Amino acid sequence: SRTRTILYAGGRTQLHHNDYCKLFCSLFHAGIEIKDIKKSFNGTEVLKGISSTFENGKCNLIIGKSGSGKTVTMKCMVGLLEPDSGHILFDDRNITEMEFLERKEIRREIGMLFQGGALFDSLTVEENVRFPLDMFTNMKVAEKRDRVNSCLGRVKLTDTNSKYPGELSGGMKKRVGIARAIVMN
């Protein structure tokens, strides 16, 4: 089985705190290469020939000022946006040449952590973290609960299962996002 990759695009974050940076770095095991990626929206060029290699087993971050294309780059990297041109290789598999179902399989291997957390306001912490398990696995309910609790423990959020995002601080929301990003690993 493949190791999942955790991708993050965003501005200021607590991710540089030692616990979270180690967690992030230790989970990044798939090589990703982007080659001459271009993306425009309504005639405005956002990505202008971006190329980079994200190495196996190393801490790989995309950092830049607001509006510089970090999130667009990440969405292209995981197949949520189609680049206008260029290639994206994930573990030597070209995402840009894949059909929808093939991309869906790749996404099973990728945990995504968004700048604002991207939590579902109407779901509890447990339901937010469990979401990828519900989508991509056939695990039993008890197995999912154990996995969720394990991930919440890793980000020091035990006993928050029944809380809603509106009841959490900004830092807690970020850690729920991290737990959701690693739950399939």
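Scroll up a little and you will see the structure.
Residues numbered from 1 in each chain as written. Predicted model: local features only at pLDDT ≥ 70, side-chain atom pairs only at ≥ 80, totals over all residues. Heavy atoms only, no water.

Draft legend 1. Molecular detail of the packing of helix 4 (residues 125-136) against helix 6 (residues 170-182). At their nearest, the axes of helix 4 and helix 6 sit 7 Å apart, and the two run at 30° to each other. Here helix 4 lies roughly parallel to helix 6, going by the angle between them. At the point where helix 4 passes helix 6, the crossing takes the right-handed sense. Counted together, Val125, Asn128, Val129 and Pro132 of helix 4 and Val176, Ala179 and Arg180 of helix 6 form the full contact between these two elements. Considering only residue class, the contact of helix 4 with helix 6 consists of five nonpolar, one polar and one charged. (Axes fitted to C-alpha atoms, helices over the stretch in contact; angles between N-to-C directions. Helix = DSSP H or I, 4+ residues; strand = E, 2+ residues; numbered from the N terminus. Parallel < 35°, antiparallel > 145°, perpendicular 65-115°, else oblique. Left-handed = near helix turned anticlockwise from the far one by under 90°. Contact = heavy atoms within 4.5 Å. Nonpolar A, V, L, I, M, F, W, Y, C, P; charged D, E, K, R; others polar.)

Draft legend 2. Representation of the pairing of strand 4 (residues 85-90) within the structure. One ladder, built from five bridges, connects strand 2 (residues 32-41) with strand 4; its direction is antiparallel. By the bridge assignment for strand 4, lysine 38 is matched with serine 85. One ladder, built from two bridges, connects strand 4 with strand 5 (residues 93-94); its direction is antiparallel. What sits directly across from leucine 89, in strand 5, is asparagine 94. Between strand 4 and strand 5, which pair antiparallel one after the other, the connecting turn spans two residues, and aspartate 91 there sits at a positive phi close to 55°. (Pairing = 2+ DSSP bridges.)

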